[in-house]
Amino acid sequence: RRVLFRSPIYKLHGSINWFESQGDGLNPLMVIGENKLNKISGQEVLRFNNGLFFKSLSEPNTKLMVIGYGFKDAHINKFITDAYGLNKFSLHMMHPEGRDYLRKIIKTANANHLSEPIEQIPMVDYVRPISEIFAGDEIELNRLNNFFKS
């Protein structure tokens, strides 16, 4: 079985295999740590991707699949909650703890990263590990395929 991807995938902080020219060499282009917004604003491709991400969330019939994101970047969470306020898009999250993960991190010391409005957004949970879904969990694989097909 195949999962067909017809949706854009946004790399909002770059990637380990992205590089930027600096002096005579290349440096990895991946934003981690503090002051992410300042670092992102200094990179045209990252500014562009962030803008496209917000624009896509604001369009009609949008569905957002969140895989591998820990909701600890306040600027991304703000994109999601602001866009949801404009366009009640469909939010899907693949995480072994599902929505309980959001409730848990809101109550931790990292709560400044995640505000309650994001936890209030209706969400479809995919709580099975992705390795199990692709290793033969037909029901969850069909759900995932249906997400990407429509």
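A quick note: this is a predicted structure, and the numbers were derived from the prediction, not measured. (Residues numbered from 1 in each chain as written. Predicted model: local features only at pLDDT ≥ 70, side-chain atom pairs only at ≥ 80, totals over all residues. Heavy atoms only, no water.)

K.L.:
Even after reading the chapter, I still don't get the pairing of strand 2 (residues 25-30), so can you show me in this structure?
P.N.:
Two faces, one strand: in a regular strand the side chains alternate between the faces of the sheet. Relative to strand 2, strand 1 (residues 14-22) is paired through five bridges, and the arrangement is antiparallel. Paired with Gln22 across the bridge in strand 2 is Gly25. What sits between strand 1 and strand 2 in their antiparallel hairpin is a turn of two residues, with Gly23 showing a positive phi close to 65°. (Pairing = 2+ DSSP bridges. Helix = DSSP H or I, 4+ residues; strand = E, 2+ residues; numbered from the N terminus.)

K.L.:
What should I look at first to understand unusual backbone geometry in this one?
P.N.:
When glycine is set aside, most residues are seen to have a negative phi, and most peptide bonds are trans. We note that Asn61 has phi near 60°; this positive angle belongs to a residue other than glycine. As for its placement among the helices and strands, Asn61 is situated in the loop between helix 2 (44-57) and strand 3 (63-67). Located in the positive-phi region is Phe71, a residue other than glycine, with phi close to 60°. Along the chain, Phe71 turns up in the loop between strand 3 and helix 3 (74-86).

K.L.:
What's the story with the packing of aromatic side chains in this structure? I'm lost.
P.N.:
Scanning all chains against the criterion turns up four aromatic pairs. Ring centres of Phe54 and Phe79 lie 5.9 Å apart, and the angle between their planes is 50°; on these two criteria the pair is classed as tilted. Note that Phe54 is positioned in helix 2 and Phe79 in helix 3, a separation of 25 residues in sequence. Residue Phe54 is classed as partly exposed on the basis of its relative accessible area of 26%. Ring plane angle 50° and centroid distance 4.7 Å describe the contact between Tyr69 and Phe71, whose orientation is recorded as tilted. The exposure class assigned to Tyr69 is buried, which follows from its relative accessible area of 17%. We classify Phe71 as buried; its relative accessible area is 0%. (Phe/Tyr/Trp six-rings, centres within 6.5 Å; stacked < 30°, edge-to-face > 60°. Buried < 20%, exposed > 50% of the residue type's maximum accessible area, 1.4 Å probe, protein only.)

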